[in-house]
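Spelled out from the first residue to the last, the chains are:
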Amino acid sequence: MGAEDLVQGAGTTLVALMATDAWQTTRAGIVALWRRVRPVQADEIDLALGETREEILAARQNGDADGVHDLERDWLRRLTRLLAADPEAARALQALLAEARASLPPEERPAAPSIHLEAHASGNARVYQSGRDQYNGRSSHDD
């Protein structure tokens, strides 16, 4: 799994882990990763993680799905910037999140993010869908 693939689900997984027993270990690992890549921001990230946890618990209690998605997008952006600063950190992040998910009983594990694609075409229309990279140009094999 590349950094781009990882970061797509990392924000969702991180926020989902905030409401589990694995949170304290996950939080310490995320802060340690930030301290390694962007040490000046580590204390700020630690504080933001705590605030986000409070927000996620409140949003879930109130059934605020939009609030949950906003928090996921916020952490997706933060993680994207972190991995842009140090692409090698992707492996450490992947291992941290996988370990946290595995430490939970199966019924408490955050679901893996999924993709839903839907298309409607008529006439001579063509539909191209992809859950990841897609290239629709001509290749030398088309000649």
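All values derive from a computational prediction rather than experimental measurement.

### Description of the nonpolar core
Logical step 1: Counting 31 residues, the largest nonpolar core has Leu14, Met18, Ile30, Trp34, Leu49, Trp75 and Leu93 as the members making the most contacts within it.
Logical step 2: Mapped by element, the contributors of at least two residues to this core are α1 (3-17), α2 (23-37), α3 (42-61), α4 (65-85) and α5 (89-102).
Logical step 3: Apart from residues no more than four positions distant in its own chain, tryptophan 34 is found in contact with Pro39, Gln41, Ala42, Ile45, Trp75, Arg78, Leu79 and Leu82.

### Overview of the pattern of salt bridges
Logical step 1: Going through the model one piece at a time under the given rule, you end up with seven salt bridges.
Logical step 2: In this structure, aspartate 86 engages arginine 36 in a salt bridge whose closest nitrogen and oxygen atoms are separated by 3.3 Å. With aspartate 86 in the loop between α4 and α5 and arginine 36 in helix α2, this pair connects stretches of sequence that are 50 residues apart.
Logical step 3: Assessed through its relative accessible area of 49%, arginine 36 is described here as partly exposed.

### A closer look at the packing of aromatic side chains
Logical step 1: If you walk through the whole model with that rule in mind, you get one aromatic pair.
Logical step 2: On the numbers, 6.3 Å between centres and 90° between planes, the contact of tryptophan 34 with tryptophan 75 is edge-to-face. On the criterion of sequence distance, the pair formed by tryptophan 34 in helix α2 and tryptophan 75 in helix α4 is long-range, its members being 41 residues apart.
Logical step 3: Take tryptophan 34: its relative accessible area is 2%, and that puts it in the buried class.
Logical step 4: Arginine 78 extends its terminal NZ or CZ atom over the ring of tryptophan 75, reaching a point 4.6 Å from the ring centre.

Procedures and definitions
Residues numbered from 1 in each chain as written. Predicted model: local features only at pLDDT ≥ 70, side-chain atom pairs only at ≥ 80, totals over all residues. Heavy atoms only, no water. Core = buried A, V, L, I, M, F, W, Y, C linked by side-chain atoms within 4.5 Å. Buried < 20%, exposed > 50% of the residue type's maximum accessible area, 1.4 Å probe, protein only. Helix = DSSP H or I, 4+ residues; strand = E, 2+ residues; numbered from the N terminus. Contact = heavy atoms within 4.5 Å. Salt bridge = Lys/Arg side-chain N within 4 Å of Asp/Glu carboxyl O. Phe/Tyr/Trp six-rings, centres within 6.5 Å; stacked < 30°, edge-to-face > 60°. Lys NZ or Arg CZ within 6 Å of the ring centre and 35° of its normal.

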